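Single-letter residue listing:
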Amino acid sequence: SAPLSIVRGAGEAADHGVLMRTGESFQALRRVTTMVFDKTGTLTEGRPAVRDIISVDGEEDTLLALAAAAEAASEHPLARAVVEAALARDLTIPDVTDFQAQSGRGVTAQIDGEPVRVGSPAFLTELGIDLALVSDGIETAEDQGQTVIVAARGDRLLGAIALGDALRTDAAETMQQLHELGIRTALVTGDNERTARHIARLAGIETVHAGVLPEQKADLLREMQHEGRVAMIGDGINDAPALMQADVGIAMGSGTDIAIDAADIIILNSRVSSVMTAWRISHWGYRKML
Ligand code: ADP
Ligand code: MG
């Protein structure tokens, strides 16, 4: 990546919380016709918290303790929220061996000689676990924009955990401004369709791509590029290939180092509205903007 100092206007942009890594990214942003936003950590605060626990046998604490054990070594924000909730209840978190994370799906760990799996409903369903006992609860929570993860010990369902993550306060206003400029907006997420639709509706985003696995995000971008120039705005490890594929990759400063390294533009203050700031600077330059 190029040194920031060679980019004209970079200093002024940085005053507004926007780092441009190259002059080309600055130019390319002018011609973008679609902006694709990641959901978790980009449109939302990225700090999910446990809102509800649905245990199939009424043993909420056992479910939470086992889920926290399996998630303890995961860096995923959902995993951190589960561990925090277990600690807040003073639960004893059992020891695990053989921790494995499946990106965009969930985690598996051995506890007392049995595999405990925690992940998306789609992940556990793929593994042959019947979710019928919690499916009503899952739908209700997802329709409210929550993300639901499910847990199983061996092939037995333990229950579901619903997590909520607040939409960033400036998201809706920013989407409206982008639309006024004729820029199309889309949301891409590994999360499920119901949750994604709810968040898109709140933010006023036009198009939703849900259930997209990390390895598919870049392919999706490539397809969208047939229709015009595309900017991707993301924060996660999962977003890095899409950030590189995009005509302009924009990373949230609060995001992972891998996403930041993959991006052309970095939003230091992690405000969604800084996307508009970047666009304005790319069009009119900093001084004319004021
Ligand atoms: P996003 O695109 O919203 O950043 P990810 O691709 O990281 O989401 O994950 C997609 C889905 O996979 C999550 O909504 C969740 O259901 C599941 N998932 C991924 N990692 C974990 C984990 N560590 N624990 C539980 N569920 C997970
Ligand atoms: Mg994210």
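- Naming follows an unreviewed UniProt entry, where the chain appears as Heavy metal translocating P-type ATPase of Litchfieldella rifensis.

**Description of the site of ligand 1**
Right, so step 1: The full set close to ligand 1 counts 23 residues, and Thr40, His76, Gly104, Ser120 and Gly190 are the nearest of them.
Right, so step 2: Of the residues assigned to the shell around ligand 1, the class counts are 7 nonpolar, 12 polar and 4 charged.
Right, so step 3: Counting residues domain by domain, the shell around ligand 1 receives three or more from each of domain 1 (4-45 + 166-289) and domain 2 (49-159).

**Some details on helix α10 (residues 214-224)**
Right, so step 1: Three or more residues of α10 are buried, namely Lys217, Leu221 and Met224. Projected down its long axis, α10 carries its buried residues within an arc of 65°, all on one side. Away from the buried face of α10 by more than 90 degrees, exposed residues Glu215 and Glu223 are located.

**Topic: the sheet that holds strand β13 (residues 265-267)**
Right, so step 1: Read across the open sheet, the 7 strands follow the order β1-β13-β12-β11-β2-β9-β10; overall the sheet is mixed. This sheet does not close on itself; its edge strands, each paired only once, are β1 (18-20) and β10 (207-209). Neighbouring strand axes in the sheet, compared pairwise and without regard to direction, differ in orientation by 20° on average.
Right, so step 2: Here β1 runs beside β13; their pairing, made up of 3 bridges, is antiparallel. In the strand pairing of β13, valine 18 is matched with isoleucine 267.

**A closer look at unusual backbone geometry**
Right, so step 1: Positive phi values are uncommon outside glycine, yet aspartate 112 reaches one of about 50°.
Right, so step 2: Along the chain, aspartate 112 falls in the loop between β5 (106-111) and β6 (114-119).
Right, so step 3: Of note, serine 270 is a non-glycine position whose phi angle comes to about 55°, a positive value.
Right, so step 4: Locating serine 270 in the fold gives a position in the loop between β13 and α13 (274-289).

**Observations regarding helix α4 (residues 60-71)**
At 3.6 residues per turn, the α-helix brings residues three or four places apart onto the same side.
Right, so step 1: In a regular helix each residue adds 1.5 Å, so 12 residues correspond to 16 Å; α4 covers 16 Å between its end C-alpha atoms and thus fits that length.
Right, so step 2: Here α4 has its buried residues at Leu63, Leu64, Leu66, Ala67, Ala68, Ala69, Ala70 and Glu71.
Right, so step 3: Buried residues belonging to α4 abut β3 (49-55), α5 (77-88), β5, β6, β7 (147-153) and β8 (156-164).

**Regarding the sheet that holds β7**
Right, so step 1: Spatially, the 6 strands line up as an open sheet ordered β3-β8-β7-β6-β5-β4, and their pairing is antiparallel. Lying at the two open borders of the sheet, with one neighbouring strand each, are β3 and β4 (97-102). For this sheet, the mean angle separating the axes of adjacent strands, direction not counted, is 15°.
Right, so step 2: Both β7 and β8 contribute to a ladder of 7 bridges, which runs antiparallel. Following the sheet pairing, alanine 151 is matched in β8 by glycine 159.

Rules used throughout
Residues numbered from 1 in each chain as written. Chains lettered and ligands numbered in written order. Predicted model: local features only at pLDDT ≥ 70, side-chain atom pairs only at ≥ 80, totals over all residues. Near = placed C-beta within 6 Å. Nonpolar A, V, L, I, M, F, W, Y, C, P; charged D, E, K, R; others polar. Domains from an automatic or database assignment. Buried ≥ 20, exposed ≤ 12 C-beta atoms within 10 Å, placed from the backbone. Helix = DSSP H or I, 4+ residues; strand = E, 2+ residues; numbered from the N terminus. Arc of directions from axis to C-beta. Pairing = 2+ DSSP bridges. Axes fitted to C-alpha atoms, helices over the stretch in contact; angles between N-to-C directions. Expected span 1.5 Å × (residues − 1). Contact = placed C-beta atoms within 7 Å.

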